[in-house]
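Residue-level structural notes
So you can see what is in the structure, the chains are spelled out below.
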Amino acid sequence: MKKLIAVMALVLSTSVFAGGMKKDIVDTAAGAGNFSTLLAAAEAAGLVDTLKSEGPFTVFAPTDDAFAALPEGTVESLLLPENKDKLAAVLTYHVVPGKVMSGDIAGAETTATTVQGQELNINATDGVMINDAMVTSADIGTSNGVIHVIDKVLLPPQS
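A quick note: this is a predicted structure, and the numbers were derived from the prediction, not measured.

1. Structural notes on the packing of helix α3 (residues 36-44) against helix α7 (residues 84-92)
At a minimum axis separation of 9 Å, α3 and α7 run at an interaxial angle of 130°. On the basis of the axis angle, α3 is oblique to α7. The way α3 lies across α7 gives a crossing that is left-handed. Mapping the contact onto sequence places L38, A41, A42 and A44 in α3 and K84, L87 and L91 in α7. A per-class count over the contact of α3 with α7 returns six nonpolar, no polar and one charged.

2. What to know about the pairing of strand β1 (residues 57-62)
For β1, the tally of buried residues reaches six of six residues, placing the bulk of the element in the interior. Residues F57, V59 and A61 of β1 are buried on one face, and the alternating residues T58, F60 and P62, pointing to the opposite face, are buried as well. As defined by bridge partners, β1 adjoins strand β2 (residues 95-97) across three bridges and the pair is classed as antiparallel. Within β2, the position partnered with V59 by the bridge is V95. Here β1 runs beside strand β7 (residues 145-150); their pairing, made up of six bridges, is parallel.

3. Overview of the environment of I140
One can find I140 in strand β6 (residues 133-142). Sequence-wise, I140 and M101 are 39 residues apart; in three dimensions their C-alpha atoms are separated by 9.0 Å.

4. Looking at the environment of K52
Relative to the assigned elements, K52 resides in helix α4 (residues 48-52). Counting along the chain gives 28 residues from K52 to D24, while the straight-line C-alpha distance between them is 5.8 Å. Contact partners of K52, with chain neighbours within four places excluded, come to D24, V26, D27 and N144. Of the polar contacts made by the side chain of K52, one reaches the side chain of D24; its length is 2.8 Å.

5. Some words on the pairing of strand β3 (residues 109-113)
Relative to strand β4 (residues 119-123), β3 is paired through five bridges, and the arrangement is antiparallel. The partner of T113 across the bridge, within β4, is E119.

6. Points about the sheet that holds β3
Read across the open sheet, the seven strands follow the order β2-β1-β7-β6-β5-β4-β3; overall the sheet is mixed. Strands with a single pairing partner mark the edges of an open sheet, and in this sheet they are β2 and β3. Strand direction decides the pairing type here: β6 and β7, joined by five bridges, are antiparallel. What sits directly across from S137, in β7, is V149.

Rules behind the numbers
- Residues numbered from 1 in each chain as written.
- Predicted model: local features only at pLDDT ≥ 70, side-chain atom pairs only at ≥ 80, totals over all residues.
- Heavy atoms only, no water.
- Axes fitted to C-alpha atoms, helices over the stretch in contact; angles between N-to-C directions.
- Helix = DSSP H or I, 4+ residues; strand = E, 2+ residues; numbered from the N terminus.
- Parallel < 35°, antiparallel > 145°, perpendicular 65-115°, else oblique.
- Left-handed = near helix turned anticlockwise from the far one by under 90°.
- Contact = heavy atoms within 4.5 Å.
- Nonpolar A, V, L, I, M, F, W, Y, C, P; charged D, E, K, R; others polar.
- Buried < 20%, exposed > 50% of the residue type's maximum accessible area, 1.4 Å probe, protein only.
- Pairing = 2+ DSSP bridges.
- Polar contact = N/O pair within 3.5 Å; in protein donor to acceptor, adjacent residues only side chain to side chain.

Spelled out as structure tokens, the structure:
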């Protein structure tokens, strides 16, 4: 399984457009095929243009399976137009300004401030955990940052 994940990360990190340009975060996620819920949510929240902008950004990207594991009705509720601000808060809680590669945090326990404004707990002492989500594939390079695939949706703490 680890070999498969490593091969997928390599394929994703080297995916390029014709002409040699790397894809941005959105196009890379779309090409991977397992982020349709995340991309639909980014569209509903009005964040696609931001994630296609210059950046750089570090995105902790939950898979479709991670969204499916949320309590029934959660995703549908977040996608309602009246919940656009709440959806944007959830999604921006998955984004850190700058490009943070796994080697930058290897062996560390630290925090990172998200675009949403709250802190994520990062534990890279035995694998990598972002709050209670495990990074299943790291360092997927894009033209405007990096994607780290996670197995759970991160929900911001209530203030």
